[in-house]
Amino acid sequence: METPSFYTEKNPLRVSVSTIFLTVKTIIDSGKEAAFLEICAQKNAGVMVEAELINLVKSYLFDEGVHKGSQTWNLTAQRIVTSPGGRCPD
């Protein structure tokens, strides 16, 4: 394969949470997350997330106690759980 099969439509595409999760995990597992985040920052890339999913993530992190503790991932979860309703932390 010489190039990826790019999405050519103009409309947003609904992608399952499991696909996003596995894609992000693949990037992290490959050791390329810093480079990927740099490219995203350069292109000002972001995603639109439904309110229902935002609140599901907040509830899950809270209910599972992921936000408790002082490890880096605990602190990230704390920021997500406590961020005001109209925005998410960067």
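Residues numbered from 1 in each chain as written. Predicted model: local features only at pLDDT ≥ 70, side-chain atom pairs only at ≥ 80, totals over all residues. Heavy atoms only, no water.

## Focus: the pattern of salt bridges
For the structure shown, the criterion picks out two salt bridges. The closest approach of N and O atoms between Arg14 and Glu50, which form a salt bridge, is 2.6 Å. Taken as a pair, Arg14 in the segment before helix H1 (17–29) and Glu50 in the loop between helix H2 (33–42) and helix H3 (51–63) lie far apart in primary sequence, 36 residues in all. With relative accessibility at 44%, the residue Glu50 sits in the partly exposed group. We note a salt bridge from Asp29 to Lys25, for which the minimum N-O separation is 2.8 Å. Note that Asp29 and Lys25 are positioned in helix H1 at a spacing of four residues, about one turn of the helix. With a relative accessible area of 40%, Lys25 lands in the partly exposed category. (Salt bridge = Lys/Arg side-chain N within 4 Å of Asp/Glu carboxyl O. Helix = DSSP H or I, 4+ residues; strand = E, 2+ residues; numbered from the N terminus. Buried < 20%, exposed > 50% of the residue type's maximum accessible area, 1.4 Å probe, protein only.)

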